[in-house]
Amino acid sequence: MRAIVIALRSLSREWRYGELAVLLLSLSVAVGALTGVGFLVDRINRSIALQASEVLAADIRVQSPRPLSADNEPMARQLGLRTARLTTLLSAVFHGDVNQLTNIRMVTDGYPLRGTVTVADTPFAPGTVTRQIPAPGQAWADSKLAAALGVKIGDNITVGARELRLDRILISRPDQGSAFQEFSASLLMNEADLASTQLIQPASQVRHALLIAGERPQLNAFRDWHAQQAGQRERMADVSEDSPQIGDATRRAGRFLGLASLVAILLCAVAVAMSARSYVRRHLDAVALMKTLGASRAFVLTVSVTQLLLLALAATALGSVMGWITQSWLISALQGLLRTDLPPAGLQPMLIGLLVAVAMLAGFALPSLLQMTRVPALRVLRRDVGPPTPGAWAAVTPAVVAVIVVVYGTLGDAVLSGWFVGALAAATLILGGAGWGLVSFTAHSRGGSGVAWRYGIASLARRRVESVTQIVAFGLGIMLLLVLATLRRDLVTDWRASIPANIPNYFFVNIPSGEQEEFRARLTAQGGKVERMLPMVRGRLVTINDRDAHAVSSSGGPAGPDDGPPQRGGMADREQNLTWSSELGDDNRIVAGQWWQPGDEGKPLVSLATEFQEELGLKLGDRLGFDIAGERITVTVASFREVKWDSFKPNFFIVFPPGLLDGAAGTYMTSALFEPSSPGEMTDFVRRFPTVSVFDVGSLLAQVRSMIDKAVTAVQSVFVFTLLAGLTVLLAAVQASRDERSYETAVLRVLGAQRGMIVRSVLTEFSALGLLAGTLAASGAAFGGFMLARQLELNYRFNLTFWLLGVLGTVAIVGFTGWVATRSVLNHPPRSALS
Amino acid sequence: MTRDIVLKAENITREVSSPEGLLTIVRDVSFHIESRETVAIVGPSGAGKSTLLAMLAGLDLPTSGRISLAGQDLTTLDEDGRARLRAEKVGFVFQSFHLIPSLTALENVMLPLELAGRSDARQLSADMLARVGLASRTGHYPRQLSGGEQQRVALARASVSRPAVLFADEPTGNLDMATGERITQLLFELNADSSTTLVLVTHDRSIATRCGRVLTMENGGLR
Ligand SMILES: Nc1ncnc2c1ncn2[C@@H]1O[C@H](COP(=O)(O)OP(=O)(O)OP(=O)(O)O)[C@@H](O)[C@H]1O
Ligand SMILES: [Mg+2]
């Protein structure tokens, strides 16, 4: 109790000495980084899961060519899950004499369970979000269908035996997928009208789907239940397995942000350790005196621990405010990227913040404090008597435990945490060892010129332990910052590169043979940048090495256009789009075999995309039999290609050499970058080539681009936290060296040293320190960046400029630190330091 | 009349290891000091006076031999045990004052009372500060006081708990003649007031002669 009173009383005065302020600041930044960013990361992760769901328009989708089991829906609802039904089929839609083969989608209320549908009043116009579905008797046609039929809102269209009124233009739906060859016109209508269309016939290609959404535990319960149903033939698609491309950018952002906040916290830990050392150094005399006056170790410890706990509380409050402001700001900055329907973070972040503050103090400050209480009372008579040197384990274990707690708490991923902690430990050891060696080596070079130089180097060598500690602290800090900066740069470059500017935003399919050149000319004339024009014929793979392809292929039933994201299965069974081409685009790379050689023209060969190869387990030299419009042809696999589908250029799984299929009457497809000056221009274009199907991927691209830009903003802003943390390390270092030097500098000045000499000697010492720390840090960062980039699936590029910048930057920063520290000492008369 | 023995040293020796090997800085010293005695320890620089004083006050332990303070054998106590004994029985004045810079004059004086768990610390300390003539400086911090004033605060702090033994290591060593004289005066007055035992190390002959007994050290031994 007395100890607590004394702790409270002296706290306000302790404040003036600065270490406590630095401690408070570093703890606050750590808590701020944790609460602000950590919880944002959590939100981002949940957001990603939701976004993935949007592509399915649900969390889980159960589907089958046959009607679904009647038990599914009651079971899902009983588990508290939301459901909607979706029935799709391919059929012609009529308006007067005109008709168009259309993907007809009949839905029930609630569709889509995830994601949004946007509608407009004219084709190709920007859409607005709707929460409704077409009322019975009404239908929403997409732009392509409306343009092809030449209908406008209010017109009647015929679907099977049913007449429907066109109510809206469907601009986008979440489950429109990205398998561009499969795109076709689509129509959204109410399931209530299903029966009256009379389209469900034994031969019709209907797909039944049940959409389910809700919380993960219940979803898993449903999955398990569903898998156990006897004779289960329904397919289940689950977002937790199929992670579509769109999530990647955000997922990486989440991981990166987690790492950034972690780095901020660790930097703060370094600052905490440094301030604690200064605090202890300054208190040694007072503690020895207290002991002379009869204070026990426990008493002394209670005083310090009370002060630190109060500090932890204050830091938690301050840090939480910082975190809250950051989080609110980030969330508003990331609006659209993040779901707004997520529950906001509650009080829990504060609790965890407090925990981290306490853990950091316990790990990084407590060992020093314990050490301090061991100082013998004799110090009051003999100043050179300090506390006994601690056992290595006693000093290191708490810090290691704290780091593990903080790392695992922030990253929440055992493997990544293991890597991180391991790398950190290795870096610390290497820095320490190399630092020791370098300091010893430097000590021999003090014969150099000038008293300033000699004195600077001498003090570096004399305070060997301090010097090595500072090298490790600065080295680690700068290394973490550099690794993060490298990753940030790679991340941003990678993201931006993944969606280059000026890539095609429209796909055109079904361009009649013979009209392709006219099509290209017209589109080019209107300002379109048209990509390669590839022929397209439909065909079916029937034999593999002379055996029935269906028997060979392992997968289940046929897959239709609305299987959503990357789906395989049924490649062997299904009508494929085939093409031939003499040129290998720069978005294709041969991974096995050879592309067509001169003279291969007309030979029975085929080149396959790796996806196709993997699906069917094919190898070079296999013979595939295709049925193309009733004709059989057998070809030999000559090469496998890795295709960059996201180049948005026309690409096919199956490519023949030119001259082999020339007889087959096909159509052509291409893609183009085209900015119609008005929605009408596109409609006109479609009317001129009525058979051509147009797919607008521009809006999808724009969405992805804006998401990336927002993620970049988030990353940049979180970096500020890391820099702030770096600043606290700097402050702690200034503090430490100021206290250490004030006495010595005073003595030097009394001995007649000029300010300039002292500044030069300190600059020498600190620059040397900076050079050592910087070289080690920059090299460590290069290696760490390389390892981490692999974890984050980024491309690492070593950059010499960056390395040099790291070294020189450290020299500058550390030198500056020393200068600031010394300046503040020099600005006081030497007497104050000596009295 | 016979008085209690408050301090007793039996064959104490202190050795330290140095680059040149084992160094004996206090060699086989024995003596005892009775209650209310005033004893000066004098001798040339480096004779081992401070080392001896530190051992007597329980700040350091002898390599061999026994010391008992107020009936307690210091060599059998652990650190905290010796600290407790100091809190109850010992006051200390140093050459370089050793006030705690972050505490005011009053708080510095209160410290030993608070450590001993006294509830009347504030009042006693204020009285004691008045006694040393610093009634108007209670709220000042050490750095705002002159050397002599600081030493008076230190004196007040050492005497406020009415210790059985007051140790002083060159209490005037850092002060000018006149100030030193005033401090010495105060030291002896306070000692008489509270009838404590005084053990002081000094180079100042005039201080030594005011003591009841003078022990002279040379080369680590008593002469
Ligand atoms: N821990 C130690 N290690 C090495 N030498 C020591 C140690 N403690 C004391 N000494 C040496 O022992 C000798 C006695 O020291 P001490 O401080 O007791 O002398 P002193 O009589 O108080 O001198 P002064 O009058 O100058 O204060 C000195 O030579 C000192 O250097
Ligand atoms: Mg001495």
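Some words on the overall build of chain A
Of regular secondary structure, chain A possesses 21 helices and 23 strands. Within chain A, the proportion of its 835 residues that are buried is 55%. Once local pairs closer than 6 in sequence are excluded, the contacts in chain A between residues at least 24 apart make up 82%. Surface exposure of chain A reaches about 35,300 Å², of which carbon and sulfur atoms provide 59%.

What to know about the nonpolar core
With 156 residues, the main nonpolar core has A:Met360, A:Phe420, B:Leu52 and B:Phe167 as its most contacted residues. In terms of residue count, helix α7 (residues 245–292) of chain A provides more of this core than any other element does, 25 residues in total. Composition of this core by domain shows at least three residues from each of domain 1 (1–57 + 246–412) and domain 3 (413–499 + 697–835) of chain A. Those residues in contact with A:Phe420, other than ones at most four positions away along the chain, are A:Leu259, A:Leu262, A:Val263, A:Leu266, A:Val407, A:Leu411 and A:Leu480.

Points about the sheet that holds strand β6 (residues 90–93) of chain B
Residue and element names in this part refer to chain B. Across the sheet, six strands lie side by side as β6-β7-β8-β3-β9-β10; this open sheet has mixed pairing. Since the sheet does not close on itself, it has two edges, and those belong to β6 and β10 (221–222), each with one partner. As paired elements, β6 and strand β7 (residues 165–169) share four bridges and run parallel to each other. Bridge pairing in β7 links Gly-91 to Leu-166. Sitting on the sheet, helix α2 (residues 79–89) is in contact with β6 and β7, with an inclination near 85 degrees to β6.

Concerning the confidence of the model for chain A
Should the pLDDT be low somewhere, the predicted coordinates at that spot are not to be read in detail. Residue and element names in this part refer to chain A. Residues at a pLDDT of 70 or more form 81% of chain A, whose mean pLDDT is 78. Taken element by element, the predicted model of chain A shows its lowest mean pLDDT in helix α21 (residues 830–834) (55) and its highest in strand β6 (residues 138–142) (93). In this model, residues 242–247 is a region of pLDDT below 50 whose contacts with residues beyond four sequence positions or in other chains number eleven contacts. Across residues 553–570 the pLDDT falls below 50, and counting only partners more than four positions away or on other chains, this stretch makes 34 contacts in the model.

Section: unusual backbone geometry
For the peptide bond that leads from A:Tyr111 to A:Pro112, omega is -10 degrees, which places it in the cis range. Residue position: A:Pro112 is located in the loop between β3 (98–107) and β4 (117–120). In this structure, B:Glu170 takes a positive phi of about 45 degrees despite not being glycine. Relative to the helices and strands, B:Glu170 is located in the loop between β7 and α6 (177–194).

So, the site of ligand 1
The full set of residues close to ligand 1 is A:Arg382, B:Val16, B:Ile25, B:Ser45, B:Gly46, B:Ala47, B:Gly48, B:Lys49, B:Ser50, B:Thr51, B:Glu170 and B:His203. Each of chains A and B places residues next to ligand 1. Backbone polar atom of B:Gly46 to an oxygen atom of ligand 1: 2.8 Å apart, as the coordinates give it. At a separation of 2.6 Å, an oxygen atom of ligand 1 approaches a polar side-chain atom of B:Thr51. With three residues, the top contributor of residues to the shell around ligand 1 is helix α1 (residues 49–56) of chain B. When the residues that make up the shell around ligand 1 are grouped by side-chain class, the tally is three nonpolar, six polar and three charged.

Details of the packing of aromatic side chains
For any pair of aromatic rings, the description rests on two quantities: the centre-to-centre distance and the angle between the ring planes. Residues and elements named next belong to chain A. Within this structure, the stated rule accounts for ten aromatic pairs over all chains. Aromatic side chains Phe-508 and Phe-519 sit 5.1 Å apart centroid to centroid with 65 degrees between the ring planes, which places their arrangement in the edge-to-face category. One end of the pair, Phe-508, is in strand β12 (residues 506–512); the other, Phe-519, is in helix α14 (residues 516–525), and eleven residues separate them in sequence. There is no split in this pair, since Phe-508 and Phe-519 are both buried. For the ring pair Phe-626 and Phe-656, a centre distance of 5.5 Å and an interplane angle of 85 degrees mean the geometry is edge-to-face.

Observations concerning the interface of chain A and chain B
Residue-level contacts link 26 residues of chain A with 28 residues of chain B. Buried area between chain A and chain B, summed over both chains or domains, comes out near 2,500 Å², and the portion from carbon and sulfur atoms is 62%. Counting the surface chain A buries against chain B, the share from its top three residues, A:Arg9, A:Leu293 and A:Leu381, is 25%. Taken together, the connections running from chain A to chain B amount to zero salt bridges. Linking chain A to chain B there are four residue pairs in polar contact (both at pLDDT 80 or more). Within the residue set of the side of chain A that touches chain B, elements represented by two or more residues are α1 (2–14), α7 and α8 (297–333) of chain A.

Cut-offs and rules
- Residues numbered from 1 in each chain as written.
- Chains lettered and ligands numbered in written order.
- Predicted model: local features only at pLDDT ≥ 70, side-chain atom pairs only at ≥ 80, totals over all residues.
- Heavy atoms only, no water.
- Helix = DSSP H or I, 4+ residues; strand = E, 2+ residues; numbered from the N terminus.
- Buried < 20%, exposed > 50% of the residue type's maximum accessible area, 1.4 Å probe, protein only.
- Contact = heavy atoms within 4.5 Å.
- Areas by Shrake-Rupley, 256 points an atom, 1.4 Å probe, with all protein chains shown as cover.
- Core = buried A, V, L, I, M, F, W, Y, C linked by side-chain atoms within 4.5 Å.
- Domains from an automatic or database assignment.
- Pairing = 2+ DSSP bridges.
- Axes fitted to C-alpha atoms, helices over the stretch in contact; angles between N-to-C directions.
- pLDDT = per-residue confidence, 0-100.
- Near = heavy atom within 4 Å.
- Polar contact = N/O pair within 3.5 Å; in protein donor to acceptor, adjacent residues only side chain to side chain.
- Nonpolar A, V, L, I, M, F, W, Y, C, P; charged D, E, K, R; others polar.
- Phe/Tyr/Trp six-rings, centres within 6.5 Å; stacked < 30°, edge-to-face > 60°.
- Buried area = accessible area lost by both parts, 1.4 Å probe.
- Salt bridge = Lys/Arg side-chain N within 4 Å of Asp/Glu carboxyl O.

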